[in-house]
Amino acid sequence: HYYIFNIEYIDENRCRIFYEGTDDKPGFSLIAPYDEVVEDKRFKIRLLKTLDFEPNFREFSFRFLSNEDLINMYNGQIGTVLKDEKSTALYVSKYGSDAARDIDFLSALLNEFNNYNLDLKNQQADLSLEFIDKQLGIINDSLKASQLALERFQNESGVYEVTSKGLRSEID
């Protein structure tokens, strides 16, 4: 469900955001102060009053795009090519009529790729640490078992390893 919202001038400090109701959809109206964030279950918006603000401006409309609308809008406008056959580097390009918006889109896309890549690296690091911890536990258990076996052997056989140089001199 998408709505076409209208904005109409009320005074120097406020405007009205609304849409008319239909038989199956009730109408909506909200008084919004300029330069403040306004939240509704359908949106969160801030209407900035610029230096070019004109009182009694003509009513205008807008709508929020759905994910499907965005996908369809960008479909066919994005190109990708590997840097070379064995590369993991990717060239990404966007074809459109608004260079500033295309740059903003590519910057946001690069930011998402970087965040995703960082998440993957963090997951891999966590898995590596978990593996190392498990291996250290296994090695520690093996060392304890070997130490116990050595102590048992020494007690049963009476054979001990002499590691002290002073004690070795006395034995020699």
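A brief look at the structure comes next. (Residues numbered from 1 in each chain as written. Predicted model: local features only at pLDDT ≥ 70, side-chain atom pairs only at ≥ 80, totals over all residues. Heavy atoms only, no water.)

**A few points about the environment of Asp35**
Part 1: Among the secondary structure elements, Asp35 is positioned in the loop between β3 (28-33) and β4 (37-40).
Part 2: Ignoring anything within four residues of it in the chain, the contact list for Asp35 reads Arg46, Leu47, Leu48 and Lys49.
Part 3: Within the structure, the side chain of Asp35 is placed 3.0 Å from the backbone nitrogen of Lys49, a separation counted as a polar contact. (Helix = DSSP H or I, 4+ residues; strand = E, 2+ residues; numbered from the N terminus. Contact = heavy atoms within 4.5 Å. Polar contact = N/O pair within 3.5 Å; in protein donor to acceptor, adjacent residues only side chain to side chain.)

**Overview of the pattern of salt bridges**
Part 1: Per the stated rule, a full pass over the model turns up seven salt bridges.
Part 2: For Arg16, the salt bridge is made with Glu8, and the minimal N-O distance between the two is 2.6 Å.
Part 3: With relative accessibility at 21%, the residue Arg16 sits in the partly exposed group.
Part 4: Since its relative accessible area comes to 23%, Glu8 is described here as partly exposed. (Salt bridge = Lys/Arg side-chain N within 4 Å of Asp/Glu carboxyl O. Buried < 20%, exposed > 50% of the residue type's maximum accessible area, 1.4 Å probe, protein only.)

**A short note on the layout of surface pockets**
Part 1: Roughly 200 Å³ of internal volume is contained in the largest pocket.
Part 2: Residue lining of the largest pocket: Ile7, Cys15, Tyr34, Leu47, Leu48, Lys49, Thr50, Asp52, Phe53, Glu54, Phe57 and Phe60, and that is the complete set. (1 Å grid on protein atoms, 1.4 Å probe; cavity = no way out; pocket = protein on both sides within 12 Å on 5 of 7 lines; lining within 4 Å. Points joined across faces, edges and corners; volume = space filled by probe spheres on them.)

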